[in-house]
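Here is how the chains run, residue by residue.
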Amino acid sequence: MATGKRLRTAILARVAKGPRKKRTRPEPRQYTIADLERARDRAAAAARRIENDHGGNPNQGRAGLKRAQLELSGIESQLRFRGLLE
């Protein structure tokens, strides 16, 4: 008897949820001048890390620098597009 009640409430709970909706994509991030300064600092720090590395692998750390430069260029282009950067 108790099993029947549980089954019935489980079925009712599933029906009460309603249809699933499509997932909406988030809006792209709106960068600010502060974000630009942070990205410049990160790119400069990555360049310093590569310069100060005296290991045998010259390509080590380049991925971090590339990533920082790519993010910096994306922020700069968005700010130029929005008219916040000349």
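See the structure shown above.
Residues numbered from 1 in each chain as written. Predicted model: local features only at pLDDT ≥ 70, side-chain atom pairs only at ≥ 80, totals over all residues. Heavy atoms only, no water.

Visitor: An account of helix α2 (residues 33-52) is requested, with residue identities and associated values reported.
Guide: Here α2 contains 20 residues, and its C-alpha end-to-end distance of 29 Å stays within 8% of the 28 Å for a straight helix at 1.5 Å per residue. Restricting attention to buried positions, one finds in α2 the residues Asp35, Leu36, Ala39, Ala43, Ala45, Ala46 and Ile50. Those residues of α2 hidden inside the fold are in contact with α3 (62-81). (Helix = DSSP H or I, 4+ residues; strand = E, 2+ residues; numbered from the N terminus. Expected span 1.5 Å × (residues − 1). Buried < 20%, exposed > 50% of the residue type's maximum accessible area, 1.4 Å probe, protein only. Contact = heavy atoms within 4.5 Å.)

Visitor: Tell me about the environment of Gln60, and please be specific about residues and values.
Guide: When you line up the elements, Gln60 lands in the loop between α2 and α3. As a C-alpha pair, Gln60 and Arg49 span 11 residues in sequence and 9.9 Å in three-dimensional space. Ignoring sequence-local partners within four residues, the contact set of Gln60 consists of Ile50 and Asp53.

Visitor: Please set out α3 residue by residue, giving values where relevant.
Guide: Since there are 3.6 residues in each turn of an α-helix, residues three or four apart along the chain are aligned in direction. Look at α3: 28 Å from first C-alpha to last across 20 residues, which is about the 28 Å you get at 1.5 Å a residue. Inspection of α3 places Leu65, Ala68, Leu72, Ile75, Glu76, Gln78 and Leu79 among the buried residues, and these make up the whole buried set. Down the axis of α3, the sector holding all buried residues measures 165°, keeping them to one side. Along α3, the residues that are exposed and aim more than 90 degrees away from the buried face are Ala63, Lys66, Arg67, Leu70 and Phe81. Backbone geometry just downstream of α3 places Gly83 in the positive-phi region, at approximately 85°. (Arc of directions from axis to C-beta.)

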